[in-house]
Amino acid sequence: MSEIKQTFNSSLGKKLIMALTGLFLCTFIIVHLGGNLFLFKDDQGYGFNVYANFLTHFPPIEVVAYLLYGAILVHGIYALILTLNNKKARPVAYASQDKAPASWSSKNMGLLGSILFLFIVIHMSDFWYKYKYTDTVGFKEYRTNVLSNVTTVSDFVPTDPNFEHSATTVNEDEIVRVKDLHTKVSTSFHNIWYVLIYVIAMGSLSFHLLHGFQSAFQTLGWTHRKYTPVVKFIGTWFFAVIIPIGFALMPIVYYF
């Protein structure tokens, strides 16, 4: 037990924790982007609101969410510890056979991570916290006629202060009443300052993942001349290009 503790207290152990939590967060942002694509659907927020409700009321997802919050904190804390330790001693990079000069992103991971952490705090306080713990987010009622497949949307004011959501059928109408996070998102994305913060954060995410994704595999020792180019390709084009652009397009599209 003491050997395990000693290992994770070492510089390499801290980097292993950073790598594992980083890859877990990489998995999350794929799922998060997939769900947020509902914002591009022309359905008056129905798909996105149902998706948001599912995330906050399905127990297994809620468990994963708390694991996510823990991973963000651990990743940030260990990043800070490593940064401070590296200030006191000669920096030790991720294990790699590459002797090329360090890239800009690798030398500024602390700055990029700080920008992302600040963005996460703003993002979660504006959306997640207000959605779950305040009454500033209203409700929408989606009434779909099963015969014509026509949906009418209206505001809904519940009489029960503990009301969260409901799905019922009345005659030929399917009625879904749910918290209206979509309107909150739309309002935020019409604020130019929020759009700028979001886009800057996604630029930071791009450079952070450009170095971080590949470095995680190097730290874990998962390097091979046959597979490393594949990891580099995925890290560059998927995580550092496609995903940040996908996220950045949301506020841009809503603003314009």
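Note: the structure precedes this text.
What counts, and where the lines are drawn
Position numbers for residues count from 1 along each chain, tracking the sequence in the order it is written. Note on the predicted model: pLDDT of at least 70 is required for a residue's local features to be given, and 80 or more for side-chain atom pairs to be given and counted; whole-chain, interface and lining totals, by contrast, use all residues. To get the side-chain values, all heavy atoms of the structure are used, and hydrogens and water are removed first. Each helix is a run of DSSP H or I of at least 4 residues and each strand a run of E of at least 2, with the numbering of both proceeding from the N terminus. Any two residues having at least one pair of non-hydrogen atoms within 4.5 Å are treated as being in contact. Three exposure classes are used, based on accessible area relative to the maximum for each residue type with a 1.4 Å probe and protein chains only: buried under 20%, partly exposed in between, and exposed over 50%. Any pair of N or O atoms that falls within 3.5 Å is considered a polar contact. Within protein, one atom must be able to donate a hydrogen and the other to accept it, and sequence-neighbouring residues count only if both atoms are side-chain atoms. Angles here are taken between N-to-C directions and fall from 0 to 180 degrees, while the axes themselves are lines fitted to C-alpha atoms, restricted in helices to the stretch in contact. Roughly parallel means an angle under 35 degrees; roughly antiparallel means over 145; roughly perpendicular covers 65 to 115; every other angle is labelled oblique. The handedness criterion is simple: a crossing whose near helix is rotated anticlockwise from the far helix by less than a right angle is left-handed, and one whose near helix is rotated clockwise is right-handed. Side-chain classes are defined by residue name, with Ala, Val, Leu, Ile, Met, Phe, Trp, Tyr, Cys and Pro counting as nonpolar, Asp, Glu, Lys and Arg as charged, and the others, Gly among them, as polar.

Engineer: Describe the side chain of aspartate 180, naming the residues involved and giving the relevant values.
Structural biologist: Note on placement: aspartate 180 falls in the loop between strand E4 (173–179) and helix H7 (181–188). If near-sequence neighbours (up to four positions away) are discounted, aspartate 180 is found in contact with Asn49, Val137, Gly138, Phe139, Lys140 and Tyr142.

Engineer: Hey, could you go over the side chain of serine 206 for me, with residue numbers and the actual values?
Structural biologist: Tracing the chain through its elements places serine 206 in helix H8 (residues 192–219). On the basis of relative accessibility, which here comes to 17%, the residue serine 206 falls in the buried class. Separated by 2.4 Å, the side chain of serine 206 and the backbone oxygen of alanine 240 make a polar contact. With sequence-adjacent residues up to four places away left out, serine 206 is seen in contact with Ala240 and Pro244.

Engineer: Residue-level account of the packing of helix H2 (residues 11–36) against H8, with values.
Structural biologist: One way to put it is that H2 packs onto H8 with a least axis distance of 9 Å and a crossing angle of 125 degrees. Comparing their axes, H8 and H2 come out oblique. Viewed along their axes, H2 and H8 form a crossing whose handedness is left-handed. Only Leu209, Phe213, Ala216, Phe217 and Thr219 of H8 make contact with H2, whose side of the interface consists of Lys15, Leu16, Ala19, Leu23, Cys26 and Ile29. Within the contact of H2 with H8, the residues separate by chemical class into 9 nonpolar, 1 polar and 1 charged.

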